[in-house]
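Now for the letters of each chain:
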Amino acid sequence: MPRGVVPRQPARTGRQDRVARALPSASSGRALPAKTAERRKNAAHGISRGSSTRQSKPAPKGRKKTAAVVKASRGARGYNPIAPERVAEILKRLDQLYPDVTCALTHSSAWELLVATILSAQSTDVNVNRVTPELFRKYPTVEAFAALTPEQLEPDVRSTGFFRNKSKSVVGAAKKIVSDFGGQVPDDMEKLLTLPGVARKTANVVLGSWFRKAEGVVVDTHVQRISRRLELTTESDPQKIEQDLMRVIPRDKWILFAHQIIWHGRKLCLARKPKCADCPLGNLCHAEDKTWSTVEMHKGAKG
Ligand code: SF4
């Protein structure tokens, strides 16, 4: 051997000595290397290359969006964002991240939850939770609210914003609950929707979080944004998003899924600067507005 030429040595890790497990190829019957077979299987199920339950590595400072934005990715060959396997993997990781999350609005009855949910529109849960303890001490029953005029309630809910409309809705709902439903908040979607200020989001919160009835999926601003980023829907209208989610998410997960996504939206998947480098959904997420990615980003998949 000529001087200076060093014979090839096995790696200390032993990686190059490992024999790839072979899987049979569906079409030819020939064995495929394990990695190739796995990659093909994941592509068919809409799971990205490199998919695993591992957390993404933190982004090195000053580097952003290393992966290319792919145009018209939804038609990309073999990729189906709502493939049951991909959705199941998203749900599994959400379960690991947020195992026991519940509604963040403080309440001790269906009525209190209804009022808190009405007040939470265009406001934060923290803000609402600052107001409601004193509110429910001052007016402890639905009848006490029904005896008010909206103007009387306004000063008590002013700090939650849009206080005139919210006062009208709360007092109107209280009056209707007393006159039509014997003072009890109905546990029925159709009846709830007859209350002033109550649309599907509010009704779903009350039905899911208090009555434990899965009649739909709560679509608030976080669910709207993140389900689009995760390509579970392409819609922007909350009702259409809800319909899409009801098709894609198993019914027994509807209530928990909404809570988990709302928490995810508060902790990691923020509206302006999502913390993608810390997000365990990273390699399943192809959002166009990711702040860090090791997978392709898909044009149009954004909140
Ligand atoms: S946008 Fe970022 S934070 Fe949000 S789900 Fe995707 S990877 Fe996670």
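Here the structure is shown first, and the text comes after it.
In this text, all values refer to a predicted model and were calculated from it rather than measured experimentally.

Enquirer: How would you explain the overall build of the protein chain if you had to name every residue and give the values?
Expert: What the protein chain contains, in helices and strands, is 12 helices and 4 strands. Taken across its 303 residues, the protein chain has 44% of its residues classed as buried. Restricting the contact set of the protein chain to residue pairs at least 6 apart, pairs at least 24 apart contribute 61%. Of the roughly 17,200 Å² that the protein chain leaves accessible, carbon and sulfur atoms contribute 52%.

Enquirer: Any details on the side chain of Ser-120? Residues and values, ideally.
Expert: Residue position: Ser-120 is located in the loop between helix 3 (110–119) and helix 4 (125–138). A polar contact is formed between the side chain of Ser-120 and the backbone oxygen of Thr-117, at a distance of 2.7 Å. Setting aside its immediate chain neighbours within four residues, Ser-120 contacts Leu-105, Asp-125, Val-128 and Lys-201.

Enquirer: Run through the site of the ligand, naming residues and quoting values.
Expert: Every residue lining the ligand is accounted for by Arg-229, His-264, Cys-269, Pro-274, Cys-276, Cys-279, Gly-282, Cys-285 and Lys-290. Counting atoms within 2 Å of the grid points, the majority share of the ligand lands in the largest cavity. In the shell around the ligand, the residues fall into 5 nonpolar, 2 polar and 2 charged.

Enquirer: Kindly report on the layout of surface pockets, identifying the contributing residues and their values.
Expert: As a volume, the largest pocket reaches approximately 1,000 Å³. Lining of the largest pocket is provided by 43 residues; of these, Ser-120, Ala-121, Lys-201, Asp-220 and Thr-221 occupy positions nearest its centre. Contributing elements (two or more residues each) for the lining of the largest pocket: helix 3, helix 7 (163–180), helix 9 (200–210), helix 10 (221–229), helix 11 (238–248) and helix 12 (254–267). Classifying every residue of the lining of the largest pocket gives 17 nonpolar, 19 polar and 7 charged.

The rules behind the values
Residues numbered from 1 in each chain as written. Predicted model: local features only at pLDDT ≥ 70, side-chain atom pairs only at ≥ 80, totals over all residues. Heavy atoms only, no water. Helix = DSSP H or I, 4+ residues; strand = E, 2+ residues; numbered from the N terminus. Buried < 20%, exposed > 50% of the residue type's maximum accessible area, 1.4 Å probe, protein only. Contact = heavy atoms within 4.5 Å. Areas by Shrake-Rupley, 256 points an atom, 1.4 Å probe, with all protein chains shown as cover. Polar contact = N/O pair within 3.5 Å; in protein donor to acceptor, adjacent residues only side chain to side chain. Near = heavy atom within 4 Å. 1 Å grid on protein atoms, 1.4 Å probe; cavity = no way out; pocket = protein on both sides within 12 Å on 5 of 7 lines; lining within 4 Å. Sits in = over half its atoms within 2 Å of the grid points. Nonpolar A, V, L, I, M, F, W, Y, C, P; charged D, E, K, R; others polar. Points joined across faces, edges and corners; volume = space filled by probe spheres on them.

Interpretation note: all reported values are geometric properties and have no functional meaning in isolation.
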